[in-house]
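# Descriptive analysis of the structure
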Amino acid sequence: MKKVLITGFTPFAGEKINPSYEAVKQLPDYIMAFEIIKKEIETSFDISIKQLETFLDEYAPSIVILVGQAGGAKNIRVERVAINIDDAPIKDNSGNQPQDKAIKQDGENAYFSTLPLKKIVNHLMDDGIPAVISNSAGTYVCNHVMYDLLYTLKKRDINIPAGFIHVPYIFSQIEDKPDTYATDLYAITRALDIAIKTTIKEISWKNRL
């Protein structure tokens, strides 16, 4: 059976939860005959990529979607590009705070998502979920993991849809953050479900050509 690997992060920066993994956990185990492999990744520059590469080896997925929190965002942000730089504004969960550091010395300056970005965004908007294509995944652990994913797939000559989606806070996170945007956890899970289905359909369409 073909598999979709979808990951969320552990809480960080004093938060008690991370909506990325909370939403991932709510996804069904199967979508359109694909098994959904749901995994949590540590918000750590070093640990995260080791976990991700282990998951790639163990499950050999046909699709990979990484999910992270973008606190303050007002929509689902489907990321277009990951850049070869770590420049952390805060320490990660391992206490590391790299500054102006290349992720991979032999890597390209940037790698682009291979998810069907515009189709995902259009389908989300059609469903009433605010969404945009984002051209910056930042320089923290989210960008770090997205870059490592795309770098690793290229090095291994694996051509599958893969990329990153940022999600907003959920309501329980903003009780002490007045005037901060948040959404319902169900809406985020629904958005991820749509992203998965859109990507599966894209694979199926290409395979018929």
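Please refer to the structure higher up on the page.
Reference entry: report on the structure contained in this document. A quick note: this is a predicted structure, and the numbers were derived from the prediction, not measured.

### Observations regarding the overall build of the protein chain
Of the regular secondary structure elements, the protein chain holds five helices and nine strands. Reading the protein chain from its N terminus to its C terminus gives the helix and strand order β-α-β-β-α-β-β-β-β-α-β-α-β-α. For the protein chain, the C-alpha radius of gyration of 16 Å lies close to 17 Å, the compact-globule estimate for 209 residues. Principal-axis analysis of the C-alpha atoms gives the protein chain an extent of 50 × 40 × 25 Å. The proportion of buried residues among the 209 residues of the protein chain is 53%. Accessible surface for the protein chain amounts to roughly 9,900 Å². Of this, 49% is attributable to carbon and sulfur atoms.

### Some remarks on helix α4 (residues 141-155)
Relative to the 21 Å expected for 15 residues at 1.5 Å per residue, α4 spans 21 Å between its end C-alpha atoms, a close match to the ideal helical length. Among the 15 residues of α4, 13 are classified as buried, and the element is accordingly described as predominantly covered. Looking one or two places after α4, you find D157, whose phi comes out positive at around 55°.

### Here we look at the pattern of salt bridges
A complete count under the given rule lists 13 salt bridges for this structure. One salt bridge in this structure joins D127 and R190, with 3.0 Å as the shortest N-O distance. Taken together, the residues D127 in the loop between α3 (117-126) and β8 (131-134) and R190 in helix α5 (residues 185-208) connect sequence positions 63 residues apart. Classification of D127 by relative accessible area gives partly exposed; the value is 35%. With relative accessibility at 29%, the residue R190 sits in the partly exposed group. D193 is the salt-bridge partner of R190, the closest N and O atoms lying 3.9 Å from each other. On the criterion of helical spacing, the pair formed by R190 and D193 is a turn pair, its members being three residues apart in helix α5. Salt bridges here are not isolated pairs; linked through shared partners, they connect D127, R190, D193 and K197.

### A look at the packing of helix α2 (residues 45-59) against α4
Between α2 and α4, whose axes approach to 10 Å, the crossing angle comes to 35°. Classified by chirality, the crossing of α4 by α2 is right-handed. Counted together, F45, S48, I49, L52, E53 and L56 of α2 and V141, H144, V145, D148, L149 and T152 of α4 form the full contact between these two elements. Of the residues belonging to the contact of α2 with α4, the class tally is seven nonpolar, three polar and two charged.

### Regarding the nonpolar core
Side chains of nonpolar character tend, in soluble globular proteins, to be buried together. I6, I65, I76, L124, I165, L192 and I196 are the most contacted members of the largest nonpolar core, which totals 32 residues. At eight residues, α5 tops the list of elements feeding residues into this core. Formed by 30 residues, the second largest nonpolar core is a distinct cluster that contains A137, C142, L150 and I160.

What counts, and where the lines are drawn
Residues numbered from 1 in each chain as written. Predicted model: local features only at pLDDT ≥ 70, side-chain atom pairs only at ≥ 80, totals over all residues. Heavy atoms only, no water. Helix = DSSP H or I, 4+ residues; strand = E, 2+ residues; numbered from the N terminus. Rg over C-alpha atoms; globule rule 2.2 N^0.38 Å. Buried < 20%, exposed > 50% of the residue type's maximum accessible area, 1.4 Å probe, protein only. Areas by Shrake-Rupley, 256 points an atom, 1.4 Å probe, with all protein chains shown as cover. Expected span 1.5 Å × (residues − 1). Salt bridge = Lys/Arg side-chain N within 4 Å of Asp/Glu carboxyl O. Axes fitted to C-alpha atoms, helices over the stretch in contact; angles between N-to-C directions. Left-handed = near helix turned anticlockwise from the far one by under 90°. Contact = heavy atoms within 4.5 Å. Nonpolar A, V, L, I, M, F, W, Y, C, P; charged D, E, K, R; others polar. Core = buried A, V, L, I, M, F, W, Y, C linked by side-chain atoms within 4.5 Å.

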